[in-house]
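Overview (structure and organization)
Residues per chain are reported as follows:
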Amino acid sequence: VMSDESFFPQTSWINTFRLRATYGASGQIPGSTDALRFLSPFGTTISGSADQPGVTLGSLGNAGLKPEYTAETEGGFDLTMFDGKSNIELTYYSKTTTDALIERRVAPSIAGVTARFENIGSTRNSGLEIVYNQKVIDTKGTGLDFVLTGSTLKNELVTLGAGVSDIPSGNRNTQLNTPGYPLYGLWGRTYTYNDANGDGILVAGELTYGANQFIGPSFPTRELAFTPTLELLGRKLRVSGQLDSKWGMKKLNNTKRHQCQGGQSCQGLYAGAPLEEQAKAVAAAASVFTGFYEDGSFTRFRELSVSYQMPDSWAKALKAERWNLVLTGRNLGVWTQFTGVDPETTVNNAEGLPERLLR
């Protein structure tokens with residue numbers, strides 16, 4: 001508690017100033033059978049006879065499998081000001097995971113199974129977290145305060161195991177996990193188009209494709225949430241809500257991709273459509289989906305809640321100490337440039353890689 005020290009400047013508006021630091025380490029053990037090679041029973045027919053009992057290889061196993069190891073360092077400060085009305089908590093974190101437990105895909109021709117768990121590579125997560133509490137009105141019958149929370153995230157796949165190639169994941173393998181880049185990052189081939197004959201209709205030969213490249217992270221790199229609370233009528237009526245924003249990520253508009261590849265309501269499939277929309281559809285036919293990568297940032301009206309504390313005599317009549325009536329609405333609105341169904345919808349990313357490697 002730095003503010004207790006004699007050398008700390010004494011001011012009327014700072015109540016306490018605390019520095020803190022933490023180091024922690026933990027392990028993630030493999031599943032109970034992940035390291036074992038075992039057989040699985042099944043029935044089979046031999047020379048037209050009735051079903052006969054048999055076995056097949058159920059798991060390749062991995063005798064060298066060991067626990068995943070994670071170490072994290074945090075540091076920051078807590079600041080209380082203006083007689084406790086203002087509070088700030090700021091934290092920097094850095095977490096590294098080594099010997100990550102990954103379900104590695106293997107060729108079925110090796111043993112008839114398609115995957116086994118291995119300790120592959122390392123990941124790193126770092127960023128800032130902030131919490132700001134502010135009391136605006138604080139009287140016997142009325143209260144108004146808010147909480148502002150925010151965070152940043154830098155995620156990186158640092159290394160992969162020796163001889164392990166980049167790991168694709170996500171819908172249509174639009175994500176690639178490669179050292180030096182974020183886990184589950186969106187990758188794709190960029191393209192340019194030119195309506196060479198000027199007929200207003202793009203065909204395959206009028207698109208030029210570039211090399212596969214990193215487009216952006218698929219998980220938010222920055223988040224901010226605002227939670228106000230208002231208390232009235234002797235603090236018996238309470239109104240609270242939450243707005244939160246997430247940004248800094250790209251998202252595959254898979255709905256639009258389906259429309260364009262399935263011959264449904266895709267603007268790019270019709271003559272007279274803007275060339276940009278046509279180019280997306282033509283590229284999709286060549287399995288290039290970068291035209292459907294969009295900014296996934298959004299702000300959502302997450303929640304609004306109203307509660308009222310009924311008279312104590314009513315609660316006692318029900319053999320209770322307190323009785324509150326509560327009305328809550330969730331997901332009341334969203335503001336985003338993403339043109340899909342919802343910027344928070346997801347397709348499972350854990351195809352061989354666990355999402356716990358993201359903070």
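Here, the structure is the one placed above.
Residues take numbers from 1 onward in each chain, read along the sequence in its written order. Local features in a predicted model are, by the rule used here, given only for residues with pLDDT of at least 70; side-chain atom pairs are given and counted only at 80 or more, and totals for whole chains, interfaces and linings are based on all residues. Only hydrogens and water are set aside when side-chain values are computed; all heavy atoms of the structure are taken into account.

Considerations on empty space enclosed by the protein
Of the two site types, the cavity is a set of points on a 1 Å grid over the protein atoms alone where a 1.4 Å probe fits but cannot get out, and the pocket is an open set with protein on both sides within 12 Å along at least five of seven lines, each lined by residues with an atom within 4 Å of a point. Grid points are joined across faces, edges and corners, and a volume is the space filled by probe spheres set on the points. Across all of its chains, the model carries one cavity of 30 Å³ or more by this definition. Roughly 40 Å³ of internal volume is contained in the largest cavity. Contributing to the lining of the largest cavity are Ala100, Ile102, Ile120, Thr123, Leu157, Leu160, Ile167, Leu183, Leu353 and Leu357. Gly is placed with the polar residues, together with every amino acid not listed as nonpolar (Ala, Val, Leu, Ile, Met, Phe, Trp, Tyr, Cys and Pro) or charged (Asp, Glu, Lys and Arg). Here the lining of the largest cavity is built from residues that sort into nine nonpolar, one polar and no charged.

With respect to helix α3 (residues 275–285)
The rule is simple: take the accessible area with a 1.4 Å probe, protein chains only, and divide by the maximum for that residue type; under 20% is buried, over 50% is exposed, in between is partly exposed. Here a strand is any run of E in DSSP of at least two residues, a helix any run of H or I of at least four, and the numbering for each starts at the N terminus. Burial runs high along α3: eight of the 11 residues are buried. Within α3 the residues assigned to the buried category are Glu277, Gln278, Ala279, Lys280, Ala281, Val282, Ala283 and Ala284. In this analysis, two residues are considered to be in contact whenever any of their non-hydrogen atoms come within 4.5 Å of each other. For α3, the elements touching its buried residues are β13 (185–193), β14 (207–216) and α2 (254–261).

Brief notes about the state of the cysteines
Formally, a disulfide is one covalent bond, and it connects the sulfur atom of one cysteine to the sulfur atom of another. A pair of cysteine sulfur atoms is labelled a disulfide when the two atoms are within 2.5 Å. Applying the stated criterion to the full structure yields one disulfide. With a sulfur-sulfur separation of 1.9 Å, cysteine 260 is cross-linked through a disulfide to cysteine 266. Here cysteine 260 and cysteine 266 share a disulfide; its torsion about the S-S bond, 65°, makes the bridge right-handed.

As for the pairing of strand β2 (residues 38–45)
Bridge analysis of β2 against strand β3 (residues 51–59) gives eight bridges, and the strand direction is antiparallel. Along β3, the bridge assignment pairs threonine 44 with glutamine 52. Whether two strands pair comes down to DSSP finding at least two bridges between them. Hairpin geometry of β2 and β3 is characterised by an intervening segment of five residues between the two adjacent antiparallel strands and by a positive phi of about 55° at serine 47.

What about the nonpolar core?
Nonpolar side chains tend toward joint burial in soluble globular proteins. Working definition of a nonpolar core: buried Ala, Val, Leu, Ile, Met, Phe, Trp, Tyr and Cys residues. They are joined through side-chain atoms within 4.5 Å. Grouped together as the largest cluster of nonpolar side chains are 14 residues, with contacts concentrated most on Ile102, Leu160, Leu183 and Leu353. Counting residues in each nonpolar core, the second largest holds nine residues, with Cys266, Ala284, Phe289 and Tyr293 among its members.

Quick notes on unusual backbone geometry
The residue phenylalanine 82 is not glycine, and still its phi comes out positive at about 50°. By the element assignment, phenylalanine 82 lies in the loop between β4 (68–81) and β5 (86–98). Judged by its relative accessible area of 44%, phenylalanine 82 is partly exposed.

Overview of the layout of surface pockets
A volume near 760 Å³ is recorded for the largest pocket. As for the largest pocket, its lining consists of 40 residues, of which Ser218, Phe219, Pro220, Lys251 and Thr346 are closest to the centre. For the lining of the largest pocket, the elements supplying multiple residues, two or more each, are β9 (143–152), β15 (222–232), β17 (250–252) and α2. Broken down by element, the residue count for the lining of the largest pocket peaks at three residues, all from β17. Residue composition of the lining of the largest pocket, grouped by class: 13 nonpolar, 17 polar and 10 charged.

A look at the sheet that holds β14
One open sheet accounts for four strands, arranged β11-β12-β13-β14; its pairing is antiparallel. Edge positions in the open sheet fall to β11 (167–169) and β14, since each of these has one partner strand only. Ignoring which end each strand starts from, the neighbouring axes of this sheet average 35° apart. Bridge count for β13 against β14 is seven bridges, and the pairing is antiparallel. Along β14, the bridge assignment pairs tryptophan 187 with phenylalanine 214. Interaxial angles span 0 to 180 degrees and are taken between N-to-C directions of axes, which are lines fitted to C-alpha atoms, for helices over the stretch in contact. Sheet contacts for α3: β13 and β14; angle to β13, the most-contacted strand, approximately 120°.

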